[in-house]
Amino acid sequence: MRKIIFICSLEHSGSTILNLFLGQHSKIIPIGEVSNSSAKLKKFDKHKRICACGKCLDDCEYWGKVIRKNEQNPPTSAEMEYEHLLNVFSEIYDDSMIICDESKQIASLAHLKARADVQLKVIYLIKDIRSYLTSQSYKSQKKLGRKLSFSAHLNAAQSWYNSNKKILRFLDEQKLSYIQLGYEEFCLYPDETTRLVFDFLNLEPPVNTAMLEKENCHIAFGNRMRRNPVKSARLYYDNRWFRNTTSHIVYAAMPWVKRLNEAVTYSNDFEKMWKS
């Protein structure tokens, strides 16, 4: 039975850096955001697209074989697509090795939940709403040339609330084995996070997680920071939201969002050291 760690989150919530972090363990192989991978492989130039391992997709030990398998037998469904991914993984790695999939979406998680040949553990990753709004605003600036307006901040905050409530309902209704982890907790309390996460995974924590090695990581799709030698080399906290006044105003104006944020983003109480 193949063991899979699934990172469930909203976009721009830190799933790529968490995947790289988990990949520091000798038994975990991150394969990134693989939902709709066959379409993504057709979209990008396999000779130019670089995997996190440092090789182009066609030369990558993992994705090169996936590409050839897809060419020989094109997948016609999401199930067949994932079957190819699992088969290639089994050709390269033995049963003790664990896949880390950061596809995030509930639909991808539901597909894995339905498979009888998979032992699934889920890490539900949540980013502080104020940091999330700031990420969305910078994304808008990069894409459209302007940051989010106040009304767009409100809409994004409500979307954050609705989406996270939906994820929580799904995890509980499906009785999935999962752990809840705040992006802020992960970045600001790395030692405590390491113990918490690897206890949940029933694995010994890796000796060194300060520097993020990528030799055995096969993240080909997702956040572009995986290709940034500085951002992907170690754990950094994105604190730009400290200066985003609009995100703080929205936070104060939407108490139901604030309640959920405080309940889920800081649920592990790593701040207890300051209470004594």
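Look a little higher up for the structure.
Since the structure is predicted, the reported quantities are computational estimates derived from the model, not experimental observations.

Undergrad: Quick question: what am I supposed to make of the packing of helix α5 (residues 106-114) against helix α7 (residues 150-173) here?
TA: Two quantities define a packed helix pair, namely the angle between the helix axes and the distance between the axes. Running from N to C, α5 and α7 cross one another at 5°; their axes reach a closest spacing of 11 Å. When the interaxial angle is binned, α5 and α7 end up roughly parallel. Contact residues: Ile-106, Leu-109 and Ala-110 in α5; Lys-166, Ile-167, Phe-170 and Leu-171 in α7. Residues that form the contact of α5 with α7 fall into these classes: six nonpolar, no polar and one charged.

Undergrad: Help me out: how do you make sense of the pairing of strand β5 (residues 178-182) in this one?
TA: Two faces belong to every sheet, and in a regular strand the side chains alternate between them. Counting buried residues in β5 gives four out of five residues, a clear majority hidden from the surface. Here strand β4 (residues 118-126) runs beside β5; their pairing, made up of five bridges, is parallel. Counted as the bridge partner of Ile-126 is Gly-182 from β5.

Undergrad: Please clarify how the pairing of strand β3 (residues 98-101) should be interpreted in this entry.
TA: Burial of the side chains of β3 extends over both faces: Ile-98 and Cys-100 are buried on one face and Ile-99 and Asp-101 on the other. In terms of strand pairing, strand β1 (residues 2-8) meets β3 through three bridges, oriented parallel. The residue of β3 that forms the bridge with Ile-4 is Ile-99. Alignment of strand β2 (residues 28-32) against β3, held across four bridges, turns out to be parallel. From the neighbouring strand, Pro-30 faces β3, where its bridge partner is Cys-100.

Cut-offs applied
- Residues numbered from 1 in each chain as written.
- Predicted model: local features only at pLDDT ≥ 70, side-chain atom pairs only at ≥ 80, totals over all residues.
- Heavy atoms only, no water.
- Axes fitted to C-alpha atoms, helices over the stretch in contact; angles between N-to-C directions.
- Helix = DSSP H or I, 4+ residues; strand = E, 2+ residues; numbered from the N terminus.
- Parallel < 35°, antiparallel > 145°, perpendicular 65-115°, else oblique.
- Contact = heavy atoms within 4.5 Å.
- Nonpolar A, V, L, I, M, F, W, Y, C, P; charged D, E, K, R; others polar.
- Buried < 20%, exposed > 50% of the residue type's maximum accessible area, 1.4 Å probe, protein only.
- Pairing = 2+ DSSP bridges.

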